[in-house]
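The chain contents come next:
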Amino acid sequence: MESHANEILLRWIVLVPLLGAAANGLLNRRLPKQVSGLLACGAVGVSFALSIVVFLRLAGMPVAERFLSDTVTTWIGFGRLQVDLAFALDPLNAVMALVVTGVGFLIHVYSLGYMAHDAGFQRFFAYLNLFIFAMMTLVLGENLLMLFVGWEGVGLCSYLLISFWFNDEANAAAGKKAFIVNRIGDFGFLLGMFLIGVTVLPHLGAGEGLLSFRVLQHHAGALAPAATAICLLLFLGATGKSAQIPLFIWLPDAMAGPTPVSALIHAATMVTAGVYMVARMNFLFVLSPAAMNVVAIVGAATAIFAATIALTQNDIKKVLAYSTVSQLGYMMLACGVGAFAVGIFHVMTHAFFKALLFLGSGSVIHAMSNEQDMRVMGGLRKKLPVTWWTFLVGTLALAGIFPLAGFFSKDEILWKAFSSGNQVLWAIGFVAAGLTAFYMMRLLVLTFFGENRASPEVKHHIHESPLTMTLPLVVLAVLSLVGGWVGIPHFMGGGAHFEQWLEPVFAGGHHVVEAAHGAADAAHGAAADAVHHDTTMEWILAGASLAWGILGLLLGWLVYARRLGVAEGARRLAGGFPYRLLEHKYYVDEAYEATFIRPGYRLSKTVLWKWIDAGLIDGILVNGSALVVAVVGSVVRLFQNGMVRFYAWSITVGVTVFVLYLCFSG
Amino acid sequence: METILFWLCGALMVLGGVMTVTQRSAVISAVWLIFAFVCAAGIFAILDAPFVAIMQVLVYVGAIMVLFLFVIMMLQGPVLDNEKRRLLKLPLWPAVAIPPVAVLVLVGGWIRRTGTRDFGGTVPEGFGQPAAVAELLLGRYLLAFELVSIVLLVAIVGALAIGKEARKLPWK
Amino acid sequence: MEVTLTHYLVLATLLFLTGMTGFVVRRNAIVMLMCVELMLCAVNIVFVAFSRLHGDGGGHVFVLMNFAVAAAEAAIGLAILVEIFRRRRTVDVDDLKALME
């Protein structure tokens with residue numbers, strides 16, 4: 001508690017974007033576009049600057065004491081049930097705060113150019129700022145409830161921004177889909193939170209906040225019996241927000257929103273909230289090997305599942321969306337094998353290069369007069385030089401080519417999966433990595449190489465984007481290039497600074513495990529360390545994944561740029577069934593439609609509507625109560641005679657009767 | 001001394017109240033009411049509440065009743081000074097009388113059963129003096145004090161808004 | 001006979017009942033308002049008497065609050081009456097029956 005100035009800053013990191021949102025939202029059209037944009041970017045810029053300040057402050061502290069907190073007030077004070085309205089900063093969310101505000105700032109600047117001609121300019125920036133506010137609440141919240149508030153807040157902003165152009169029915173439907181699918185996950189989250197509360201409440205000491213992360217970590221032992229149930233419920237929430245199987249279906253549809261939104265919310269920040277939450281609750285997850293396995297398997301399955309779908313999509317943003325789902329799977333995989341720090345590392349690098357790719361695709365779409373179908377693109381390399389070069393960097397980073405950001409984080413994840421003994425998961429991740437390289441090359445070729453296939457009119461309008469859009473691209477490209485260097489692993493002679501930075505947060509989890517499982521695991525840990533020291537395997541795997549990535553790129557180049565006819569062949573393979581399966585995204589939407597939505601519809605129509613709504617509610621409750629009121633009214637009417645003195649007299653009689661009652665009743 | 005003052009003030013006050021209610025002229029009613037209020041100030045003085053007594057005279061007599069008289073004069077008309085109609089038709093009197101009589105009977109019975117209650121003990125030094133009341137107003141009851149100021153402010157605004165001619169209101 | 005708390009309470013009751021009855025029987029709205037003032041004054045006497053009983057000045061504070069309420073009520077009430085008089089040329093409540101419909 002020795003650093004009061006910086007503690008206060010935490011709340012301002014969160015509040016400044018809210019002020020920006022309020023200014024933009026309340027004044028709306030009355031605000032000139034320049035002022036509105038400046039306000040919104042300024043708010044996030046201030047937030048980013050403050051994040052840097054507190055980050056430096058944190059970095060200057062001794063490793064064991066790296067923790068800043070800012071308690072605004074007690075939110076819920078109810079006997080022993082106490083929840084604070086508080087923010088806290090530790091190495092984990094310091095990273096997240098920097099990524100969110102930093103990438104957020106760049107995307108705000110980009111939006112200045114992208115949305116310049118939109119009628120809802122001010123509304124857009126109001127939502128965007130509101131999103132940053134909610135996301136920072138999520139990230140900086142000191143307890144699970146604050147996290148949940150931010151969680152719901154970003155969900156709301158996501159909904160608002162997906163259906164930003166709500167005049168189009170499809171956009172509104174996509175927004176609703178995102179919201180409803182997320183509600184399913186949130187329900188699990190909420191139940192998990194309740195379960196935590198109920199389990200830990202009897203063990204709380206005086207003055208300990210019920211859902212505070214630090215307190216929960218301290219009482220992790222008490223939570224151990226319920227850990228599996230809690231973790232699975234929380235993870236259900238994470239599958240919703242981070243678009244994992246089975247709740248990933250909303251994310252591709254969410255591309256209906258403006259492209260900066262896809263970049264900010266549905267690639268760089270919000271969708272990683274699930275990963276952040278799992279990492280945040282690491283001390284609980286490590287207590288439950290079963291839950292960890294579920295996380296890892298779901299993550300790996302999602303990674304390959306989405307990667308295969310991405311192979312066949314023709315909409316440039318859909319490809320990137322499925323790629324995002326796939327990469328989120330990687331992050332979950334990392335968390336599932338206990339490598340939380342690596343998961344967060346991938347969150348960061350992914351935020352850089354996926355934001356870059358989305359913004360680049362936005363630049364392409366902008367140039368192509370809002371065309372998103374890659375089949376009518378092509379040959380844009382010459383016309384959009386900045387976009388092309390930055391896009392190339394992003395692609396290479398995503399494909400995991402040395403020494404770009406994606407290489408280090410993805411390779412670390414695969415290594416951790418391998419070294420933790422999950423060779424099957426490693427193999428799945430490895431295959432998915434090759435697929436990633438392949439579909440990204442396909443995207444690159446279809447968009448930037450060959451002849452332009454657009455109509456002459458569109459062709460005529462193709463132009464490089466304005467500076468406000470290209471500048472963020474360049475900055476993000478640089479970050480994608482060098483962003484991985486903070487986490488160069490030991491065996492390559494790097495310092496693995498990123499992991500060391502996060503060490504204090506995740507070390508606690510390991511202590512919990514040791515306390516719970518005794519010394520048996522300590523021996524296992526030593527064995528794992530021993531494996532760690534043998535770097536040959538690491539070299540081999542890193543080399544293999546690099547070669548695999550390059551091979552994927554090369555294949556993509558051969559198939560799509562050289563037109564070897566392989567693509568046509570693949571399409572007709574085995575009667576065309578595999579291709580159609582992928583093109584229709586494994587018919588997951590259709591399956592949900594048949595299993596959940598239609599029966600739900602039928603239930604609503606027959607039972608809920610006909611009987612309960614029309615019969616019970618309308619018939620008995622609504623009309624019945626109206627009837628009662630009518631009858632009573634016709635009697636009471638007699639007293640309503642307009643004689644003021646009669647009213648006064650009624651009051652005196654009433655009061656007298658009341659006084660008499662009081663005297664004789666007691 | 002106290003006893004004499006109580007009976008004097010009490011009797012005169014009841015007289016003032018009854019006259020207020022029974023006088024047909026509103027002006028005379030108001031004057032009787034002023035009389036009753038001055039007596040109430042006397043009652044307060046006997047009850048060791050000198051500050052309240054003074055405020056009673058200042059606020060009620062000096063401000064509120066003056067306001068009443070002012071309005072009566074402003075609205076002067078035959079209707080006000082002489083009520084030509086009877087107050088109530090005869091059959092209604094019992095109905096009006098029942099509640100007060102019931103309460104009086106109740107109070108009488110209560111006193112008969114439980115006897116009277118003495119004040120007993122002495123009050124603390126400086127009780128009811130302006131200083132003591134001020135300390136409470138600005139200490140324990142500060143919030144209530146501030147809220148009352150809001151009530152008064154609202155009343156001022158409300159009175160102005162009602163009093164102004166409708167079409168001249170700024171928001172119309 | 002010594003004056004006790006009960007005496008004051010009875011006095012207050014009498015005044016309150018007088019005001020209450022007056023409020024019911026009088027037809028002149030201004031006098032009705034005066035009756036309300038009389039009732040408030042009776043309540044004030046109760047407050048001061050109990051304040052004296054407990055030796056606690058809180059009752060005095062509430063009397064002052066009551067003054068403010070009475071003043072506000074008089075100001076608003078009279079303003080309404082003036083407005084009614086302007087429109088209807090009367091303050092006789094029996095002539096003001098707009099509430100009936």
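Residues numbered from 1 in each chain as written. Chains lettered and ligands numbered in written order. Predicted model: local features only at pLDDT ≥ 70, side-chain atom pairs only at ≥ 80, totals over all residues. Heavy atoms only, no water.

Caption draft 1: Broad picture of the interface of chain B and chain C. Residue-level contacts link 81 residues of chain B with 69 residues of chain C. Here chain B packs against chain C, burying approximately 6700 Å² in sum over the two surfaces, 78% of which is carbon and sulfur. When the buried surface of chain B facing chain C is broken down by residue, Val21, Phe68 and Phe119 of chain B rank first, second and third, together holding 11% of it. Taken together, the links from chain B to chain C amount to two salt bridges. Between Arg52 of chain C and Asp48 of chain B there is a salt bridge, and its shortest N-O distance comes to 2.8 Å. When contributions to the side of chain B that touches chain C are tallied by element, the ones reaching two or more residues are α1 (2-22), α2 (26-46), α3 (50-74), α4 (78-81), α5 (93-114), α6 (130-137) and α7 (142-163) of chain B. Per-element tally for the side of chain B that touches chain C: the top contributor is α3 of chain B, with 13 residues. Among the residues making up the side of chain B that touches chain C, the classes are represented as 58 nonpolar, 14 polar and nine charged. (Contact = heavy atoms within 4.5 Å. Buried area = accessible area lost by both parts, 1.4 Å probe. Salt bridge = Lys/Arg side-chain N within 4 Å of Asp/Glu carboxyl O. Helix = DSSP H or I, 4+ residues; strand = E, 2+ residues; numbered from the N terminus. Nonpolar A, V, L, I, M, F, W, Y, C, P; charged D, E, K, R; others polar.)

Caption draft 2: Region of the structure containing the pattern of salt bridges. Residues and elements named next belong to chain A. If you walk through the whole model with that rule in mind, you get 10 salt bridges over all chains. In this structure, Asp253 and Lys177 form a salt bridge, with 3.0 Å as the shortest nitrogen-oxygen distance. Placement of the pair is Asp253 in helix α10 (residues 250-253) and Lys177 in helix α6 (residues 169-200), with a sequence separation of 76 residues. Across the salt bridge formed by Asp186 and Arg183, the nearest N and O atoms sit 3.4 Å from each other.

Caption draft 3: Layout of the pairing of strand β2 (residues 81-89) of chain A. All names here are of chain A. Taking burial as the measure, the nine residues of β2 include seven buried ones, the bulk of the element. Note that strand β1 (residues 68-78) and β2 share nine bridges and pair antiparallel. When the sheet's bridge partners are listed, Ile76 is paired in β2 with Val83. (Buried < 20%, exposed > 50% of the residue type's maximum accessible area, 1.4 Å probe, protein only. Pairing = 2+ DSSP bridges.)

Caption draft 4: Highlighting unusual backbone geometry. Across the junction of Ile245 of chain A and Pro246 of chain A, the peptide omega takes the value 10°, indicating a cis bond. If you trace the backbone, Pro246 of chain A turns up in the loop between α9 (227-241) and α10. Cis geometry is adopted by the peptide bond preceding Pro403 of chain A, which originates at Phe402 of chain A and carries an omega value of 0°. On the secondary structure map, Pro403 of chain A appears in the loop between α17 (385-399) and α18 (405-419). Unusually for a residue other than glycine, Ala243 of chain A sits at a positive phi of about 50°. You will see that Asp48 of chain B, though not glycine, has its phi angle at about 60°, which is positive. The residue Asp48 of chain B is located in the loop between α2 and α3 in this model. Judged by relative accessible area, which is 27%, Asp48 of chain B ranks as partly exposed.

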